[in-house]
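One letter stands for each residue in the lines below.
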Amino acid sequence: MIVLLVIRETTADVVGLSAALARRGHTAVTATPQQVTVALDGGVELRVAGAPVRPDVVFGWASLHERERGGWLLAACELAGIPVVNGAAILGAGQNKFIAS
């Protein structure tokens, strides 16, 4: 399984999660929202740093700093039918202190 981790930066948590996925036989692809592009040529294609990637699931781990671009990216994945953990609505609610409280 290919897991796309949409992150703010590479932290110890990201490294640990990637390693845990690898131990279970999965491939973790980590990228900031700026590194991911969405192509709509006859379908939805994601590219990380220019290379095509076909994730089986996307894990949204973007932060407030990445909320706008990360939110639209997670929404695009959801609309393309890719399962998203911590999707666009969750990112938006989690970054809104008024709603979260």
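Attention here is on the structure that accompanies the text. None of these values were measured; they are calculated from a predicted model.

1. Concerning the layout of surface pockets
Here's step 1: Its boundaries defined by the atoms lining it, the largest pocket holds a volume of some 180 Å³.
Here's step 2: Residue lining of the largest pocket: A39, D41, G43, V44, E45, L46, R47, V53, R54, P55, A80 and I82, and that is the complete set.
Here's step 3: Among the elements that line the lining of the largest pocket, the one with the most residues is strand 4 (residues 45–48), at three residues.
Here's step 4: Here the lining of the largest pocket is built from residues that sort into seven nonpolar, one polar and four charged.

2. Quick notes on the sheet that holds strand 3 (residues 36–39)
Here's step 1: In spatial order, the strands read 3-4-5; together these three strands make up an open sheet with antiparallel pairing. At either margin of the open sheet sits one strand with a lone partner, and together these are strand 3 and strand 5 (51–53). Adjacent strand axes in the sheet meet at a mean angle of 40° when their direction is disregarded.
Here's step 2: Examined bridge by bridge, strand 4 and strand 5 share three bridges and lie antiparallel to one another. Bridged to V48 within strand 5 is A51.

3. A short note on the side chain of T32
Here's step 1: With respect to the helices and strands, the residue T32 is situated in the loop between strand 2 (27–31) and strand 3.
Here's step 2: If sequence neighbours within four positions are ignored, T32 has contacts with I7 and R8.

4. Things to note about the pairing of strand 2
Here's step 1: Both strand 1 (residues 2–7) and strand 2 contribute to a ladder of five bridges, which runs parallel. Counterpart to V6 in the pairing with strand 2 is A31.
Here's step 2: Crossover strand 1 to strand 2 through helix 1 (residues 12–23) is right-handed.

5. So, the sheet that holds strand 7 (residues 84–85)
Hydrogen bonds between backbone groups are what pair the strands of a sheet, and the pairing can be parallel or antiparallel.
Here's step 1: Strand order across the open sheet formed by four strands is 2-1-6-7, with parallel pairing between neighbours. The two strands at the open ends of the sheet, each matched to only one other strand, are strand 2 and strand 7.
Here's step 2: Of the strand pairs in this sheet, strand 6 (residues 57–61) and strand 7 are connected by two bridges, and their pairing is parallel. Looking at the pairing, F59 lines up with V85 of strand 7.

6. Re helix 1
Here's step 1: The first and last C-alpha atoms of helix 1 sit 16 Å apart over 12 residues, in line with the 16 Å expected at 1.5 Å per residue.
Here's step 2: Looking at helix 1, one finds that the buried residues are V14, S18, A20 and L21. The arc enclosing the buried residues of helix 1, seen along the axis, measures out at 160°, which places them on a common side. Among the exposed residues of helix 1, those pointing more than 90 degrees away from its buried face are A12 and R23.
Here's step 3: Considering only its buried residues, helix 1 is in contact with strand 1, strand 2 and strand 6.
Here's step 4: Positive backbone phi, approximately 90°, marks G25, located one or two places after helix 1.

Each value, and the rule that gives it
Residues numbered from 1 in each chain as written. Predicted model: local features only at pLDDT ≥ 70, side-chain atom pairs only at ≥ 80, totals over all residues. Heavy atoms only, no water. 1 Å grid on protein atoms, 1.4 Å probe; cavity = no way out; pocket = protein on both sides within 12 Å on 5 of 7 lines; lining within 4 Å. Points joined across faces, edges and corners; volume = space filled by probe spheres on them. Helix = DSSP H or I, 4+ residues; strand = E, 2+ residues; numbered from the N terminus. Nonpolar A, V, L, I, M, F, W, Y, C, P; charged D, E, K, R; others polar. Pairing = 2+ DSSP bridges. Axes fitted to C-alpha atoms, helices over the stretch in contact; angles between N-to-C directions. Contact = heavy atoms within 4.5 Å. Right-handed = clockwise from strand over helix to strand, strands pointing away. Expected span 1.5 Å × (residues − 1). Buried < 20%, exposed > 50% of the residue type's maximum accessible area, 1.4 Å probe, protein only. Arc of directions from axis to C-beta.

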